[in-house]
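Residue-level listing of the chains:
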Amino acid sequence: MHIYGTRNRPTSFEATDFLRSNERMARLLPTAMRMADLQRDVGMVLPAMAGNCDVLSFQEGVLVLAVPSSAVAARLKQQLPKLQASLQGRGWQVASLRLKVQVTRAMPERVEMRTLELPETAVDAFEELGDSLPDTPQNAALVAAVKRLAEKRRRG
């Protein structure tokens, strides 16, 4: 049996095996499966945001979602009416939704920004431009900026 909502299948199987191993723990299995089903449905309704939120609790019609930051909470608040209506359409009796910022939760990995580099010919062209512009008071700032750009790109 696989608990949806766990981050990977081996973890989910280990969790279900652990819950089944003890009679007292086995009572938790239906609740764990219900929460995992709810997590899966939240992921289906909000696929782009699903990686940023987890179901914390669902009691008396109040669904509480954990989010990693207030910025994610602000974006998710715009989607709450859609989420509530969709979950109700899937049979969940969601009367209200709450967001709880969990600052200890790891933020998703940031995408590394690529750095743009000028080819050698472009740097040469900027140096030539800086040398070829007329040396007038109106051009002074432009010439200085073009020369700084070329010099900075040469140094790397």
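You'll find the structure just up there.
Since the structure is predicted, the reported quantities are computational estimates derived from the model, not experimental observations.

J.: Mind showing me how you'd approach the sheet that holds strand β3 (residues 96-101) here?
T.: Taken in spatial order, the three strands line up as β1-β2-β3 in an open sheet, and their pairing is mixed. A single partner strand is all that each edge strand has here, and the edge strands are β1 (54-59) and β3. Strand-to-strand twist in this sheet, taken as the mean axis angle between neighbours without regard to direction, amounts to 25 degrees. With six bridges connecting them, strand β2 (residues 62-67) and β3 associate as parallel partners. Pairing of Leu65 across the sheet is with Leu99, part of β3. Set on the sheet, helix α4 (residues 70-77) makes contact with β2 and β3; between it and β3 the angle comes to about 165 degrees.

J.: What is the right way to read the packing of helix α6 (residues 120-132) against helix α7 (residues 140-155) from this model?
T.: For any two helices packed against each other, one specifies the crossing angle of their axes together with the interaxial distance. Close contact between α6 and α7 brings their axes to 8 Å; oriented N to C, the two are set at 150 degrees. With respect to each other, α6 and α7 are oriented roughly antiparallel. Judged by the sense of rotation from one axis to the other, the crossing of α6 with α7 is left-handed. On α7, the residues that touch Glu120, Val123, Asp124, Phe126, Glu127, Leu129, Gly130 and Asp131 of α6 are Val143, Val146, Lys147, Leu149, Ala150, Arg153 and Arg154. When its residues are assigned to classes, the contact of α6 with α7 shows seven nonpolar, one polar and seven charged.

So, how was this worked out
Residues numbered from 1 in each chain as written. Predicted model: local features only at pLDDT ≥ 70, side-chain atom pairs only at ≥ 80, totals over all residues. Heavy atoms only, no water. Pairing = 2+ DSSP bridges. Helix = DSSP H or I, 4+ residues; strand = E, 2+ residues; numbered from the N terminus. Axes fitted to C-alpha atoms, helices over the stretch in contact; angles between N-to-C directions. Contact = heavy atoms within 4.5 Å. Parallel < 35°, antiparallel > 145°, perpendicular 65-115°, else oblique. Left-handed = near helix turned anticlockwise from the far one by under 90°. Nonpolar A, V, L, I, M, F, W, Y, C, P; charged D, E, K, R; others polar.

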